[in-house]
Amino acid sequence: MGDPREPPEGAPDGGSGNEDEYRSVVFDESFVRAARIQELSARERLSGSFARATRPKVRLGPLGSVPRQALALLLVILLAFGAAVYFGVTSPTRPTARPQGSQLTVSLVALSPASAVRPVADPANPFVSLPPGYSDGAVGLGTPAGAASGHFSRVEVTKALDTVQRYLVASSLSPAVLVQGATAEVRAFVTPGEQAQFDASVLQPTDDRHHALTGWLVRFDPAQVALAADTVKVAGAMRIDEADSGTLRITTDHTFVYALKAAGAPAGAPVTLETVRRQLTFEFDRIDLAAAQLRLVDSVLQAGPAPCDGSLAGVVQPVLAGTDPAAPPSGPSAVDPGNHARPAWQVCGVLAGS
């Protein structure tokens, strides 16, 4: 009898009937995904919207398997980055260039004695006649506690105040600067944009409102005078405000009193008190703060007793005790350099109490 598993007509030609001709073809998932065409669904065939029974299968490429949430997050990141670049380039508050050139404006005021200058009564204690309110050295600078301003933090304001205090110590209290001709210590505080102006003031001081060395620091001619005491008496204060949202401004107004004697004079020689008032305006941006440097933009110096016919641009020229002063100016009234209620800027005046 025939094999009951075989059809009545027998096995087809070319095969045994026990093996499927297409059994070797495996339609696994990868094969289906790799297909370049896809048969339409029954719904699509009944709708008649397709002229063909198949449609090409869209290949999404490597991003086809990325979740929609990841794509949305990537899009948000790209938009945020683009916005940051745009606003960083077009922001109107972004500084376009650092200030350069002759930024400092200087006013020098000599205060002439009305009569012969008298020496102090006790050369060993030269400051005993000063009124209350003066302190020794940096203590008298009256540096306030740092507090946040409108656009600058407390830390930034404190750093600016510290830089100003150290500048005032270097430029007004250091013996090396006062009578030894040193300038490097002061120059280190000046921003690169003002260093050329500072250097020109050192090399060729001129009373042209921009290149007076005494606008930057206090200096005496060591060939003429010497310090009779290492102590300098100081009184004054500092004020904090802002020039704009990106510029912190500190204004200082201090009176310094120096005990001087003639160069080469022995101990016990007559001592003269020289009074110098400095009214300074400093500005800082955040680059200056990071570098612990400052921009000195305005400087007014009153000094007396000093001759009105002399120049204060290079050095402060005191009239020492026993020296006959030139005729005092007739116009202005007596000026007290210790009176901070009056503006420092004015023409040559008469030193009050001389």
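Preceding block: the structure.
Given the structure is predicted, the values throughout are model-derived calculations rather than measurements. (Residues numbered from 1 in each chain as written. Predicted model: local features only at pLDDT ≥ 70, side-chain atom pairs only at ≥ 80, totals over all residues. Heavy atoms only, no water.)

### What to know about the nonpolar core
Part 1 of the argument: Judged by nonpolar contacts, the single largest core of 52 residues is most densely connected at Tyr167, Phe220, Tyr258 and Phe284.
Part 2 of the argument: Looking at this core, the elements with two or more residues in it are strand 3 (105-112), helix 4 (154-172), helix 5 (175-179), strand 5 (225-227), strand 6 (233-244), strand 7 (247-262), strand 8 (272-284) and strand 9 (295-304).
Part 3 of the argument: When residues of this core are assigned to their parent elements, the largest contribution, seven residues, is made by helix 4.
Part 4 of the argument: Discounting residues that sit within four places of it in the chain, phenylalanine 284 has contacts with Phe152, Ala160, Thr163, Val164, Gly246, Thr247, Leu248, Ile250, Leu289, Gln293, Leu294 and Arg295.
Part 5 of the argument: Counting residues in hydrophobic clusters, the runner-up holds nine residues, among them Val120, Phe127, Ala229 and Ala235. (Core = buried A, V, L, I, M, F, W, Y, C linked by side-chain atoms within 4.5 Å. Buried < 20%, exposed > 50% of the residue type's maximum accessible area, 1.4 Å probe, protein only. Helix = DSSP H or I, 4+ residues; strand = E, 2+ residues; numbered from the N terminus. Contact = heavy atoms within 4.5 Å.)

### Concerning helix 7 (residues 192-203)
Part 1 of the argument: For helix 7, with 12 residues, the first-to-last C-alpha span of 17 Å sits near the 16 Å given by 1.5 Å per residue.
Part 2 of the argument: Along helix 7, the residues classified as buried are Gly193, Glu194, Gln195, Gln197, Phe198 and Ser201.
Part 3 of the argument: Here the buried face of helix 7 lies against helix 6 (184-187) and strand 9. (Expected span 1.5 Å × (residues − 1).)

### Some thoughts on the side chain of serine 107
Part 1 of the argument: Turning to its location among the elements, serine 107 is positioned in strand 3.
Part 2 of the argument: By relative accessible area, which is 6% here, serine 107 ends up buried.
Part 3 of the argument: There is a polar contact of 3.5 Å between the side chain of serine 107 and the side chain of arginine 209. (Polar contact = N/O pair within 3.5 Å; in protein donor to acceptor, adjacent residues only side chain to side chain.)

### Considering the packing of aromatic side chains
Part 1 of the argument: Counted according to the given criterion, the structure contains five aromatic pairs.
Part 2 of the argument: Measuring from ring centre to ring centre gives 5.5 Å for tyrosine 167 and phenylalanine 282, while their planes differ by 75 degrees; the resulting arrangement is edge-to-face. Of this pair, tyrosine 167 sits in helix 4 while phenylalanine 282 sits in strand 8, placing them 115 residues apart in sequence.
Part 3 of the argument: The class of phenylalanine 282 is buried, set by a relative accessible area of 0%. (Phe/Tyr/Trp six-rings, centres within 6.5 Å; stacked < 30°, edge-to-face > 60°.)

### Brief notes about the environment of valine 234
Part 1 of the argument: Mapped onto the fold, valine 234 is located in strand 6.
Part 2 of the argument: Among all residues touching valine 234, those that are not within four sequence positions of it are Gly133, Tyr134, Ser135, Gly137, Gly140, Leu141, Leu173, His254, Thr255 and Phe256.

Everything listed here is a matter of geometry and, on its own, says nothing about what the molecule does.
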